[in-house]
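Letter by letter, the chains look like this.
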Amino acid sequence: MGFKQRFMEYFLKKSNSYNYYKKESESVAQLKEDFKEYKKTTDDYLDSYNHLFNTIFLDYELHPKPLLSGLQGICVELLSFCDNVCKKYDLQWWIDFGNLIGTVRHEGFVPWDDDTDIGMMREDYIKFNEVLPKEIEKYNLQDIITISYRKRPIEGDKIDSFLQLFIIDKNHEGKNALLGGVDVFPYDFLNDYDPDTIDDLYYESKLDYFRDLSRGEGMEKSLENLYENLNLSMEESKYVMHGVEGACGPRNLYKMLIVDKETVFPLKRMKYVDRMFPCPNDHDTYLRKVYGDYMKVPKSIRTHSRVKNFRYVEDAPEKFQDYIDLLKGINENFEFD
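The shown structure was predicted, so the numbers you read here are calculated from the model rather than taken from an experiment. (Residues numbered from 1 in each chain as written. Predicted model: local features only at pLDDT ≥ 70, side-chain atom pairs only at ≥ 80, totals over all residues. Heavy atoms only, no water.)

Caption draft 1: A look at the overall build of the protein. Along its length, the protein carries nine helices and 10 strands. When the 337 residues of the protein are sorted by exposure, 45% land in the buried category. For the protein, the share of sequence-separated contacts (at least 6 apart) that also reach a separation of at least 24 residues comes to 69%. For the protein, the accessible area works out to roughly 19,400 Å², and carbon and sulfur atoms hold 50% of it. (Helix = DSSP H or I, 4+ residues; strand = E, 2+ residues; numbered from the N terminus. Buried < 20%, exposed > 50% of the residue type's maximum accessible area, 1.4 Å probe, protein only. Contact = heavy atoms within 4.5 Å. Areas by Shrake-Rupley, 256 points an atom, 1.4 Å probe, with all protein chains shown as cover.)

Dropping the structure here:
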């Protein structure tokens, strides 16, 4: 094959490649334009739905149907039981996270919620862990209330994290079904911190804490190392920080929560459904630190959808009421001596 023929084949091949890539580039450019238009339309839909949800949930009074009402009622009685235990042992706690939003925005549950979160300072949290099993046993609730701990995976191990209380019952398929729960999150006093480095320090200290536990250091020694690394204190101090076991902090579900002590204390009681439960002193600052504008329903929400487990269980509302009546009777006759 002569040079001229080889050159022409080379030229045609390159020309075809150029035309191919030109065509592909034009196609990609068109896709980008189409996507922009699609995104604009989709965003308009989402904004209108979000506006509608805000109108419904903020401007109307909504009442849950029996299934959700029953699950929420069990949670309220479980909260009251925790409140009574804390009163008996002089421990402080407060309504936390989405339940605090519900307290402020709805005077109870966020309309779609079916579980509860509370916070405690570390010293009270440790004491609560010690006395809770005794009180559960005292009222013969050991087959009703289950004490558990959220597991965190660390270096191949699953390490106990924050305390969880569950009321679990066998559902219609013979499986365990969650009827109510309380997540209990520890908080720590913080002496001082550097805003520019606290995120990285918190994250590394959190990993070190769980590594210490996984290597068998024990809770006391692991906490001692954590407190030294983060400049924390068991005694009342300038700031309050969310404990490393919880859901706040860098690379986590919610923003880092560090607030002045006066934002949390003294606690004040606010209406929650038909009870008065303790809440942070300055709930507005507290909530804005974690959620921003918490008075609006966000475009993306998280739900547990526990109601669906009972939609086709005919006696579910009656079963819920049995648990409510049992816990209510204990709460009304709780012994504080």
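Caption draft 2: Inspection of a negative patch on the surface at higher detail. A contiguous patch of negative charge on the surface is contributed by Glu314, Asp315, Glu318, Asp322 and Asp325. One can find Glu318 in helix H9 (residues 316-332). Given the relative accessible area of 48%, Glu318 is considered partly exposed. (Patch = residues over 30% accessible without salt bridge, like charges linked within 9 Å, V, L, I, M, F, W, Y side chains within 5 Å. Salt bridge = Lys/Arg side-chain N within 4 Å of Asp/Glu carboxyl O. Lys, Arg positive; Asp, Glu negative; His and termini not counted. Charge placed at Lys NZ, Arg CZ, Asp CG, Glu CD.)

Caption draft 3: Expanded view of the nonpolar core. Judged by nonpolar contacts, the single largest core of 70 residues is most densely connected at Phe81, Phe128, Leu141, Ile145, Ile167, Tyr187 and Phe310. Among the elements that take part in this core, helix H2 (residues 66-88) stands out by supplying 12 residues, more than any other. Leave out the neighbours within four places in its chain, and Phe81 touches Leu132, Glu135, Ile136, Tyr139, Leu141, Ile145, Ile330, Asn331 and Phe334. Judged by nonpolar contacts, the second largest core, of 17 residues, contains Ile159, Phe210, Leu223 and Tyr239. (Core = buried A, V, L, I, M, F, W, Y, C linked by side-chain atoms within 4.5 Å.)

Caption draft 4: Seen up close, the environment of Asp117. Within the secondary structure, Asp117 sits in strand S2 (residues 116-121). What makes Asp117 buried here is its relative accessible area of 12%. Taking the C-alpha atoms as reference, Asp117 lies 8.5 Å from Gly181; in sequence the two are 64 residues apart. Once residues lying within four places of it in the same chain are set aside, the contact partners of Asp117 are Trp94, Ile95, Asp96, Phe97, Gly98, Asn99, Asp183 and Phe185.

Caption draft 5: Examining the environment of Val273 more closely. Considering the arrangement of structural elements, one finds Val273 in the loop between strand S9 (268-272) and strand S10 (275-279). By relative accessible area, which is 34% here, Val273 ends up partly exposed. With 166 residues separating them along the chain, Val273 and Glu107 place their C-alpha atoms 5.9 Å apart. Look past the residues within four positions of Val273 in its chain and what remains in contact with it is Val76, Glu107, Gly108 and Phe109.

Caption draft 6: Just the pattern of salt bridges, in detail. For the coordinates displayed, the defined rule picks out 18 salt bridges. A salt bridge links Asp208 to Arg211, with the nearest nitrogen and oxygen atoms 3.2 Å apart. In this pair, Asp208 and Arg211 both sit in helix H5 (residues 198-214), three residues apart, roughly one turn of the helix. The class for Arg211 is partly exposed, based on a relative accessible area of 24%. When the shortest N-O distance is used, the salt bridge between Lys296 and Asp293 registers 3.9 Å. Salt bridges sharing partners connect three or more residues here, namely Glu77, Asp274 and Arg275.

Caption draft 7: Highlighting the environment of Ser205. Tracing the backbone through its elements, the reader meets Ser205 in helix H5. In this structure Ser205 comes out as buried when scored by relative accessible area, which is 3%. In contact with Ser205, other than residues within four places in its own chain, are Leu226, Asn229 and Leu230.

Caption draft 8: Structural view of the side chain of Ser80. Mapped onto the elements, Ser80 comes out in helix H2. When its relative accessible area of 8% is taken as the criterion, Ser80 is described as buried. Ser80 has contacts with Arg275, Phe277 and Asn331, leaving out every residue within four places of it along the chain.

Caption draft 9: Inspection of a nonpolar patch on the surface at higher detail. Together, Tyr45, Leu46, Tyr49, Leu52 and Phe53 give the surface a local cluster of nonpolar side chains, amounting to about 530 Å² of exposed area. With respect to the secondary-structure elements, Leu46 resides in helix H1 (residues 3-59).

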